[in-house]
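For reference, the chains in residue letters:
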Amino acid sequence: MAQHSHTGSEEDVGDLFSDCFWEMKGFKQVVKRIDDGATLTDNLTQLIHERAELELKYAKGLKTWSRKWEDAVNKGPEYGSLELTMKNLTVEANETADIHLDVRQKLTGSSLESIKHWKNSNYQKTFVKWKQTAAAQEGFDKVQRPWAKRFLKVEKAKKAYHLAARMLEQTKGQLDIYTRDAMTTSDALKKMKDKLSKAETESDKTRDKYRDRLNELDMANQQYINEMTVEFEKCQAMEKIRIEFFVETITDYLNYIDVSKDARLTNSFQNIQYGLTEMTIEEDLKKYADQKGTGMAMGWPKFVEYDEVVSTLPIGSLQMKDSNSNNGYEDNRSNKAGSAIGAPIGNPFNGFDDVDSEWGDQNAYVAIPAPAAEVRVMAMFDYSGAEADELSFKEGDVLIQLDEEDENGWCRGLLNGVEGLYPGSYVQLMK
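### Some details on the pairing of strand β3 (residues 410–415)
Then step 1. Across 2 bridges, strand β2 (residues 398–401) lies against β3 in antiparallel orientation. Counted as the bridge partner of Gln-401 is Gly-413 from β3.

### So, the packing of helix α2 (residues 80–122) against helix α4 (residues 186–257)
Then step 1. Across the interface, α2 lies against α4 with an axial gap of 10 Å and an inter-helix angle of 175°. Classified by the angle between their axes, α2 and α4 sit roughly antiparallel to one another. Of α4, the residues touching α2 (which contributes Val-103, Lys-106, Leu-107, Ser-110, Ser-111, Ser-114, Ile-115, Trp-118 and Asn-122) are Ile-241, Arg-242, Phe-245, Thr-249, Tyr-253, Tyr-256 and Ile-257.
Then step 2. For the contact of α2 with α4, the per-class residue count stands at 9 nonpolar, 5 polar and 2 charged.

### A short note on a positive patch on the surface
Then step 1. Together, Lys-142, Arg-145, Lys-149, Arg-150 and Lys-153 give the surface a local cluster of positive charge.
Then step 2. When you line up the elements, Lys-153 lands in helix α3 (residues 131–180).

### Quick word on the packing of helix α1 (residues 28–75) against α2
Then step 1. Closest axis-to-axis distance for the α1/α2 pair is 8 Å, and the angle between their directions is 160°. One finds that α1 runs roughly antiparallel with respect to α2. The interaxial crossing formed by α1 with α2 has left-handed handedness.
Then step 2. Of the residues contributing to the contact of α1 with α2, the split by class is 21 nonpolar, 11 polar and 11 charged.

### Topic: the pattern of salt bridges
Then step 1. Tallied over the full model, the rule gives 25 salt bridges.
Then step 2. Where Lys-75 meets Asp-71, a salt bridge forms, and the shortest distance between an N and an O atom there is 3.6 Å. Here Lys-75 pairs with Asp-71, and both are found in helix α1, just 4 residues apart, close to one helical turn.
Then step 3. The class for Lys-75 is partly exposed, based on a relative accessible area of 30%.
Then step 4. Exposure remark for Asp-71: the relative accessible area of 23% places this residue in the partly exposed category.
Then step 5. When the shortest N-O distance is used, the salt bridge between Lys-191 and Asp-187 registers 3.9 Å.

### Things to note about a nonpolar patch on the surface
Then step 1. Together, Trp-65, Trp-69, Leu-82, Met-86 and Leu-89 make up a nonpolar patch on the protein surface, roughly 410 Å² of accessible area in all.
Then step 2. Here the element with the most residues in the nonpolar patch is α2; it accounts for 3 residues.
Then step 3. Topologically, Trp-69 is positioned in helix α1.

### Details of the environment of Leu-82
Then step 1. Looking at the secondary structure, you find Leu-82 in helix α2.
Then step 2. Classification of Leu-82 by relative accessible area gives partly exposed; the value is 31%.
Then step 3. Along the primary structure Leu-82 and Asp-284 are separated by 202 residues, whereas in three dimensions their C-alpha atoms are 8.7 Å apart.
Then step 4. Every residue in contact with Leu-82, bar those within four places of it in the chain, is listed here: Met-279 and Asp-284.

### A closer look at the side chain of Arg-242
Then step 1. For Arg-242, the location among the structural elements is in helix α4.
Then step 2. A relative accessible area of 10% means that Arg-242 is categorised as buried.
Then step 3. Filtering out sequence-adjacent residues up to four positions away, Arg-242 remains in contact with Gly-37, Leu-40, Trp-118 and Tyr-123.

Rules of the game
Residues numbered from 1 in each chain as written. Predicted model: local features only at pLDDT ≥ 70, side-chain atom pairs only at ≥ 80, totals over all residues. Heavy atoms only, no water. Pairing = 2+ DSSP bridges. Helix = DSSP H or I, 4+ residues; strand = E, 2+ residues; numbered from the N terminus. Axes fitted to C-alpha atoms, helices over the stretch in contact; angles between N-to-C directions. Parallel < 35°, antiparallel > 145°, perpendicular 65-115°, else oblique. Contact = heavy atoms within 4.5 Å. Nonpolar A, V, L, I, M, F, W, Y, C, P; charged D, E, K, R; others polar. Patch = residues over 30% accessible without salt bridge, like charges linked within 9 Å, V, L, I, M, F, W, Y side chains within 5 Å. Areas by Shrake-Rupley, 256 points an atom, 1.4 Å probe, with all protein chains shown as cover. Salt bridge = Lys/Arg side-chain N within 4 Å of Asp/Glu carboxyl O. Lys, Arg positive; Asp, Glu negative; His and termini not counted. Charge placed at Lys NZ, Arg CZ, Asp CG, Glu CD. Left-handed = near helix turned anticlockwise from the far one by under 90°. Buried < 20%, exposed > 50% of the residue type's maximum accessible area, 1.4 Å probe, protein only.

Quick look at the structure:
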């Protein structure tokens, strides 16, 4: 063990503490490491918990994205083998989301439960500190206490000797001055020599005591080293267990978050790649031409002879309404769905007396069915119209649907009094 270098009579016992493990209270850093281990365990728990929440958030985002674009592809204008590839993109996102949900389950289940169990087994709380910390503190204190007493005796003896040595040097200096001074009396010179003799005796006495105390400490040092080493190795063993557990936990953590080894992800990417390499572009274009373009059969117009049979009905066969009521009469206004064909209308000649009788009475009418219920839809996403005839809206806006969705996925509707087109995949029917 290193020699102690404390010197000077002004030194206080409180200054004897140092960061050196062997000196008084020098083991405090070793004891603190036990507390640090508990704190680091809590930090590892928080680290894994936050990663698990990120996995969940990412998976939810992928699920939402997948549903949105799967619906958009199904209702959109894409066709052929490219449509299948686009669908595979949404399938990949959905399967990737499932993989990350599994990662979260492993982290919150296996990892966090394992850490919790390990900490409960290795750290027990007392009123003010961990039981393991208190045990280590007590162990070091018990070993160091007898050695510390000897150490303090050495420091006390050293202080006394250094004080005596200083007095001796001061007395020698005073005697030298008295000796060279012609005015010094023989009596004063004799007293100074007696003082020097006493100082020499005190210096020799304190020096011997200082050496004796130091020898006693040296004899106890080896036992002190051995016993302190035993206590230190207990702490080392505890720390080794912690480090090994952390290594095992982090290894499992890396295995959990490494999704590259999951066959589901590999298969998803292979399906997308296969769809791209096997895409039948020319075949898709030909099929489109046959179904939507130049390959379609056309019934070119031909002359058709008029062969309808016109029949007349007697006036009395029509149901009549009260002449003062305008029920059963609808203004001859066109609507956006095209009501001119087959729509029931009132007598356009109502109020004219000279109408030919073959057209029937002015109050004759055909009953008009009740109007259909208004269809309302709510926007699921924001949409900004790209053309002048398209509507723009925000998520949550309510639109009135005027027409059913056409084959290209577009609907006609009304928003805030403005009529226009909008993509059907961006809204849902309100119940």
